[in-house]
Amino acid sequence: MKLVRNEILHRQSNILIEFNHSEGWLYVNWRGYQNYDTVVSGCEKILEILLEINCTKVLNDNTNVEGIWSGASRWVGQDWLPRMQAAGLECFAWVYSPSAFSRLSADKTLSCTEDQSFIKTFYDIEAASDWLRAC
């Protein structure tokens with residue numbers, strides 16, 4: 001069996017965006033401390049790539065996120081996620097960070113999101129991946 005590597009589409013110190021060819025989804029690995037500006041720039045890059053490659057699934061991995069980033073929660077929930085859905089996003093698997101503060105920020109984002117039908121949260125990558133495969 002040939003090992004298929006993810007294709008790196010964008011890399012910065014706080015975010016890595018890859019396309020998983022074998023699964024057909026974007027894998028987004030957020031890293032370290034985030035703030036309003038890093039979240040907005042990262043999210044806009046994800047949207048740009050989603051449109052560019054015509055992808056419908058995202059595995060949003062917050063496993064390596066530290067601290068609180070709730071200053072961006074309202075923007076993500078009310079502005080970005082609806083634009084992602086309008087761009088064709090059908091399934092958004094969100095893996096929580098072990099950091100309680102980061103989880104609170106994610107939950108605050110979801111509380112600001114009118115249509116959550118395409119979003120599901122997880123505590124591990126395996127469960128998120130299984131859900132995305134069935135999505």
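Above this text is the structure in question.
Residues numbered from 1 in each chain as written. Predicted model: local features only at pLDDT ≥ 70, side-chain atom pairs only at ≥ 80, totals over all residues. Heavy atoms only, no water.

What to know about the state of the cysteines
Condition: Pairs of cysteine sulfur atoms within 2.5 Å are identified as disulfides in what follows. Any residue under 20% of the maximum accessible area for its type is buried, any over 50% is exposed, and the rest in between are partly exposed; the area is computed with a 1.4 Å probe on protein chains only.
All chains considered together, the criterion is met by one disulfide. Cysteine Cys55 is unpaired, with the sulfur of Cys91 as its nearest cysteine sulfur at 9.9 Å. Residue classification places Cys55 among the buried positions, given a relative accessible area of 4%. As a non-bridged cysteine, Cys112 has Cys43 as the owner of its nearest cysteine sulfur, 13 Å distant.

Looking at the packing of aromatic side chains
Defined as follows: Between rings of Phe, Tyr and Trp, where Trp is taken as its six-membered ring, a pair exists when centres lie within 6.5 Å; planes separated by under 30 degrees are stacked, by over 60 edge-to-face, and by other angles tilted. Numbering of helices and strands runs from the N terminus; a helix is a DSSP stretch of H or I covering at least four residues, while a strand is a stretch of E covering at least two.
Scanning the entire structure with this criterion turns up five aromatic pairs. Between the aromatic rings of Trp69 and Trp94, the centroid separation amounts to 6.2 Å while the plane-to-plane angle is 20°, which identifies the pairing as stacked. One end of the pair, Trp69, is in the loop between strand 4 (57–66) and helix 2 (73–86); the other, Trp94, is in strand 5 (residues 91–95), with 25 residues separating them in the sequence. Classification of Trp94 by relative accessible area gives buried; the value is 3%. One aromatic cluster is present, built from ring pairs that chain together Trp69, Trp80, Phe92 and Trp94.

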